[in-house]
Amino acid sequence: MPSDAGRPGAVPLAERLAAVRSGIADAAAEAGRDPAGITTIVVTKFHPLSLVRQLMDLGVADFGENRHQEAQAKAAELAALGLDIPVRWHFIGQLQSKKAKQVRAYATAIHSLDRDSVIDALASDDALIDSFVQLNLTDDPGRGGVAEPDIERVVQRVLGTAGLRLLGVMAVAPVDEDPRAAFERVREASLRVRSLAPEATFISAGMSGDYREAILEGATHLRIGSAITGNRPTGG
Ligand SMILES: *Cc1c(COP(=O)(O)O)cnc(C)c1O
């Protein structure tokens, strides 16, 4: 089943997008920040390219995907249409080192650097890709991301790898923690990163349910899915 965007009675995509855009503007005002400094990435995982096209028509240029095969297929499908509209794909999911190089072919940015094997696999002398080191804010090592004490070590590894431009840190707020408190920890981690890499000032944080709190704690890249796209066709 495609997204519920076209179902009778469903709020149209344009209205959901407008509602989120105004929520972002409100949160930016509350934080005393310029909304121009905030990039909204619409997460289209599990949705067909037709939804990406509708969002492009509504002015969206940044898309997030969390599975390599799906992202690669969607990017190829879009490229095949030969449209002259710039689009940026952001890879936000866990990455396998053997697939890492392939992500470079379509992605503008990778938000989920967390393991030496993935960082090393992304090394390149020809091209730069924007990247974020993902923090794991939970105690579960099975979750994506670097444990807080390891941040400096992983950042050094990224800085020592040709072809990666470190933008900053990325995180997902744990379900069992107040998001404001979680994003405060991300802000602190960001300061630690900046002491090693002064240019790496960006923070990728904030999803459908917690983007206000993320903006209040300095997020510069929001990754918003269901609040804009409606429910995902097959979970996730
Ligand atoms: C799916 C996903 C999102 C978006 O989640 P929503 O709650 O639908 O906004 C953001 N970040 C990551 C890493 C995701 O996997």
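Let me sum up the structure you'll find in this document. None of the values given here were measured: they were computed from a predicted structure. (Residues numbered from 1 in each chain as written. Predicted model: local features only at pLDDT ≥ 70, side-chain atom pairs only at ≥ 80, totals over all residues. Heavy atoms only, no water.)

## Notes on unusual backbone geometry
Residues apart from glycine generally show negative phi values, whereas peptide bonds are mostly found in trans.
Here is step 1: Although it is not a glycine, F46 sits at a positive phi angle of roughly 70°.
Here is step 2: Structurally, F46 is set in the loop between β1 (39-43) and α2 (49-57). (Helix = DSSP H or I, 4+ residues; strand = E, 2+ residues; numbered from the N terminus.)

## Looking at the site of the ligand
Here is step 1: By nearness alone, every residue bordering the ligand is listed as V43, K45, N66, I92, M170, M207, S208, R223, I224, G225, S226 and R232.
Here is step 2: In this structure, R232 approaches the ligand through a side-chain N or O atom, which is 2.8 Å from an oxygen atom.
Here is step 3: For the ligand, the accessible surface in isolation is 390 Å², of which the surrounding protein chains cover 87%.
Here is step 4: A per-class count over the shell around the ligand returns 5 nonpolar, 4 polar and 3 charged. (Near = heavy atom within 4 Å. Polar contact = N/O pair within 3.5 Å; in protein donor to acceptor, adjacent residues only side chain to side chain. Areas by Shrake-Rupley, 256 points an atom, 1.4 Å probe, with all protein chains shown as cover. Nonpolar A, V, L, I, M, F, W, Y, C, P; charged D, E, K, R; others polar.)

## So, helix α7 (residues 179-196)
Here is step 1: For α7, built from 18 residues, the straight-helix expectation of 26 Å at 1.5 Å per residue is met to within 8% by its first-to-last C-alpha distance of 26 Å.
Here is step 2: Of the surrounding secondary structure, the elements contacted by the buried residues of α7 are β5 (129-136), α6 (151-159), β7 (164-171), β8 (202-204) and α8 (211-216). (Expected span 1.5 Å × (residues − 1). Contact = heavy atoms within 4.5 Å.)

## Some words on the environment of S204
Here is step 1: For S204, the location among the structural elements is in strand β8.
Here is step 2: Measuring from C-alpha to C-alpha, the distance between S204 and G64 comes to 12 Å, with 140 residues separating the pair along the chain.
Here is step 3: For S204, the contacting residues outside a window of four places in its chain are H111, F132, V169, M170, A171, H221 and R223.

## Re the pairing of strand β4 (residues 107-113)
Each regular strand carries side chains that alternate between the two faces of the sheet.
Here is step 1: Counting buried residues in β4 gives 6 out of 7 residues, a clear majority hidden from the surface.
Here is step 2: One ladder, built from 3 bridges, connects strand β3 (residues 88-91) with β4; its direction is parallel. Within β4, the position partnered with W89 by the bridge is A107.
Here is step 3: In this fold, β3 hands off to helix α4 (residues 97-104), which returns the chain to β4; that crossover is right-handed.
Here is step 4: For β4 and β5, the ladder comprises 3 bridges, and the chain directions are parallel. Of the residues in β5, the one forming a bridge with L113 is V133.
Here is step 5: Considered for its hand, the β-α-β crossover made up of β4, helix α5 (residues 116-121) and β5 is right-handed. (Buried < 20%, exposed > 50% of the residue type's maximum accessible area, 1.4 Å probe, protein only. Pairing = 2+ DSSP bridges. Right-handed = clockwise from strand over helix to strand, strands pointing away.)

## Quick look at helix α1 (residues 13-31)
Here is step 1: Taking 1.5 Å of rise per residue, 19 residues should cover 27 Å, and α1 covers 27 Å from first to last C-alpha, within 8% of that figure.
Here is step 2: By the burial criterion, the buried members of α1 are L13, R16, L17, V20, G23, I24, A27 and A28. Taken end-on, α1 shows its buried residues confined to a sector of 135°, consistent with a single buried face. When the buried face of α1 is taken as reference, the exposed residues oriented beyond 90 degrees from it are D26 and A29.
Here is step 3: Buried positions along α1 lie against β1, α2, α8, β9 (221-224) and α9 (226-229).
Here is step 4: Downstream of α1 by a residue or two, G32 has a phi angle that is positive, lying close to 70°. (Arc of directions from axis to C-beta.)

## A short note on the pattern of salt bridges
Here is step 1: Tallying each qualifying case throughout the model produces 17 salt bridges.
Here is step 2: Where E70 meets R67, a salt bridge forms, and the shortest distance between an N and an O atom there is 2.5 Å.
Here is step 3: Residue R67 is classed as partly exposed on the basis of its relative accessible area of 40%.
Here is step 4: Taken together, the shared-partner salt bridges connect E65, R67, E70 and K74 into one network. (Salt bridge = Lys/Arg side-chain N within 4 Å of Asp/Glu carboxyl O.)

## Side note on the packing of aromatic side chains
Here is step 1: All told, the structure shown has 1 aromatic pair when counted by the stated rule.
Here is step 2: Judged by centre distance (5.7 Å) and plane angle (40°), the rings of F63 and W89 are tilted. Residue F63 is located in strand β2 (residues 62-65), and its partner W89 is located in strand β3; the two are separated by 26 residues in the primary sequence. Like F63, the residue W89 is buried in the burial classification. (Phe/Tyr/Trp six-rings, centres within 6.5 Å; stacked < 30°, edge-to-face > 60°.)

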